[in-house]
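Fold and geometry: a report
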Amino acid sequence: MSDVVPLPTTGELVGSGTEWTERYTRSVMNTFGPPRRVLVRGEGVHVWDADGRRYTDLLGGIAVNVLGHAHPTLTAAVSAQLGTLGQVSNFFASPVQVALAERLVALAGGDAGSRVFFANSGTEANEAAFKMARRTGRPRVLALEGAFHGRTMGALALTHKAAYREPFEPLPGGVEFVPFGDAAALEAAMSDDVAAIVLEPVQGEAGVRPLPPGYLAHARALADRHGALLVLDEIQTGVGRTGAWFAHQLPELGGGVRPDVVTLAKGLGGGIPIGAVVALSERAATLLGPGQHGTTFGGNPVAAVAALTTLGVIERDGLLARVREVGGRLADALRTVTPLVTEVRAAGLLVAAELAAPVAARVADEALAAGWIVNPVTPSALRLAPPLVLTWDQVAGFVDWLAALPARELLTEGDHA
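Note that the structure is predicted; figures quoted are calculated from it, not measured.

Some details on the overall build of the protein chain
- Across its full length, the protein chain holds 15 helices and 17 strands.
- The C-alpha atoms of the protein chain give a radius of gyration of 22 Å, which matches the 22 Å a tight globule of 417 residues would have.
- The principal-axis extent of the C-alpha atoms belonging to the protein chain is close to 65 × 55 × 45 Å.
- In the protein chain, which comprises 417 residues, the share counted as buried stands at 52%.

A short note on the sheet that holds strand β6 (residues 175-178)
- Taking strand neighbours across the sheet as the criterion, the seven strands line up as β4-β12-β11-β10-β7-β5-β6 in an open arrangement whose pairing is mixed. Of all the strands in the sheet, the pair left with one neighbour each is β4 (115-119) and β6. Between one strand and the next, the sheet's axes are offset by a mean angle of 20°, whatever the strand orientation.
- As judged from the three bridges shared by strand β10 (residues 229-233) and strand β11 (residues 261-264), these two strands associate in the parallel manner. For L232, the partnering residue across the bridge sits in β11 and is V262.
- Each of β4, β11 and β12 (275-279) touches helix α4 (residues 95-107); the most contacted strand, β4, lies at about 120° to it.
- Packed on one face of the sheet, helix α9 (residues 215-226) meets β5 (140-144), β7 (194-199) and β10 and runs near 150° to β10.

A few points about unusual backbone geometry
- Omega for the peptide link from E169 to P170 comes to 10°, which places this bond in the cis form.
- Here P170 lies in the loop between α7 (162-165) and β6.
- Following T338, the chain continues into P339 via a peptide bond in cis, with omega recorded as 5°.
- Looking at where P339 falls in the secondary structure, it is placed in the loop between α12 (319-334) and β13 (341-347).
- The phi dihedral of A70 falls on the positive side, at around 55°, and the residue is not glycine.
- Following the sequence through the fold, A70 ends up in the loop between α2 (60-63) and α3 (72-82).
- Residue class for A70 comes out exposed when judged on its relative accessible area of 52%.

Overview of the pairing of β11
- Of the two faces of β11, the one lined by V261 and T263 and the one lined by V262 and L264 are each fully buried.
- Bridge count for β11 against β12 is four bridges, and the pairing is antiparallel. Bridge pairing in β12 places T263 opposite V277.

Some words on the pattern of salt bridges
- By the definition in use, this model includes 17 salt bridges.
- For the salt bridge of R36 with D365, the shortest nitrogen-to-oxygen distance reads 2.7 Å. Of this pair, R36 sits in the loop between α1 (17-27) and β1 (39-43) while D365 sits in helix α13 (residues 360-369); the two residues are 329 residues apart in sequence, bridging distant segments of the chain.
- Here R140 makes a salt bridge to D193, at a shortest N to O gap of 2.9 Å. Of this pair, R140 sits in strand β5 while D193 is found in the loop between α8 (183-189) and β7, placing the two residues 53 residues apart along the sequence.
- A cluster of three or more residues bridged by salt bridges with shared partners is formed by D49, D51 and R53.

Some details on the nonpolar core
- Of all hydrophobic cores here, the largest spans 72 residues; its most connected members are F398 and L402.
- Counting residues per element, this core draws most heavily on helix α11 (residues 301-316), at nine residues.
- Membership of the second largest hydrophobic core comes to 25 residues, among which are A129, A196, L229 and A284.

Focus on the packing of aromatic side chains
- Under the counting rule described, the total for this entry stands at three aromatic pairs.
- The interplanar angle of 75° and the centroid separation of 5.7 Å between the aromatic rings of F148 and Y164 together place this pair among those described as edge-to-face. Here F148, found in the loop between β5 and α6 (153-157), pairs with Y164, found in helix α7; they are 16 residues apart in sequence, far enough to count as distant.
- When the centroid spacing of 5.8 Å and the interplanar angle of 65° are considered together, the rings of W372 and F398 count as edge-to-face. Here W372, found in strand β15 (residues 372-373), pairs with F398, found in helix α14 (residues 392-403); they are 26 residues apart in sequence, far enough to count as distant. Summarising the burial analysis for this pair, W372 and F398 share the class buried.
- In textbook terms, an aromatic cluster arises when at least three aromatic residues are bridged by ring pairs, as seen for W372, F398 and W401.
- In this arrangement the basic side chain of R103 is found over the ring face of W245, its NZ or CZ atom lying 5.9 Å from the centre.
- Positioned above the aromatic ring of F180, the side-chain terminus of R209 is 4.1 Å from the ring centre.

What counts, and where the lines are drawn
- Residues numbered from 1 in each chain as written.
- Predicted model: local features only at pLDDT ≥ 70, side-chain atom pairs only at ≥ 80, totals over all residues.
- Heavy atoms only, no water.
- Helix = DSSP H or I, 4+ residues; strand = E, 2+ residues; numbered from the N terminus.
- Rg over C-alpha atoms; globule rule 2.2 N^0.38 Å.
- Buried < 20%, exposed > 50% of the residue type's maximum accessible area, 1.4 Å probe, protein only.
- Pairing = 2+ DSSP bridges.
- Axes fitted to C-alpha atoms, helices over the stretch in contact; angles between N-to-C directions.
- Contact = heavy atoms within 4.5 Å.
- Salt bridge = Lys/Arg side-chain N within 4 Å of Asp/Glu carboxyl O.
- Core = buried A, V, L, I, M, F, W, Y, C linked by side-chain atoms within 4.5 Å.
- Phe/Tyr/Trp six-rings, centres within 6.5 Å; stacked < 30°, edge-to-face > 60°.
- Lys NZ or Arg CZ within 6 Å of the ring centre and 35° of its normal.

Okay, structure coming up:
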């Protein structure tokens, strides 16, 4: 018997980017538009496309690949776990699932009353948090203008952007949006029928907008006064992205604020899909009982070991300190790129460069052609969310490239857009 197992495909996994793009168009639903490139491998902060071109990945799978690509420790851990036990369903537990739950509770500052629910993605984590809010019996949930919490129906109800919401209405009701960062507006909206306040400490999809200093503390006080849950969506900002394990632990954002619920995903598995709901208060931890929520794959051994390994490498290699150092240096350097860059908003290695005109898509295209992967998160802002293993030497060239762009020509183009 041959040891060679044929790949489950109608053709070999070789071909040019053009060929693969044509096959993609014929076989994959058009929910993302045409792919910008067809990527075939990665190593560290670099990826290569089907035509052999190398790129520095400053987006990291949208804040997912925190250890970069093909990290040897993560690769070995996932391979070993898959060779031992892959999927068992949640009728059974596994030691790595339990160990990961304990680790997340400890990192988030939980106690004996804290509990974790595992999902497969960020939107699923937020769905679970929304269901927890419903279980309070209260009808209202407050979210912020500019919020993005996911694409499934409950998470979409918490998402503010009309273009995402309107094609799928009616959505689950009871969600109200208050102006971003306006503490007085939040207080005016509060009453004893509010089930939860749902916040991102830093709004990623809105262009990397950190909440103002003191806002989270004010939200915590309002939630306590009215008996509501404080739910923090740290799907994009958690797992070291901001230079702390969680963004709300940063002194300038939350400091000593302890939420009732934290939702996580993206970087948690280092590239392996996983989501988590960390219920820190005993009240939140007991809102969902047997039969009231579930998942087939959530917390499976492979995803759990990937998350444990990711957390371990971040701690072992001192990546929180590196994020603060490289992120701060990157933000400072981008502020010197004038007149093209008018503002830099940053929390660790979650960075947005606000441009002087709505030319972010054009700049991102030119960056890609030059070997840099960045994201035009709004018409006038570029988002960077690179692997946490990024060094200054690896990103300094991007700042130099951006500074060398013909800013006057770009800004004139933006005036006529």
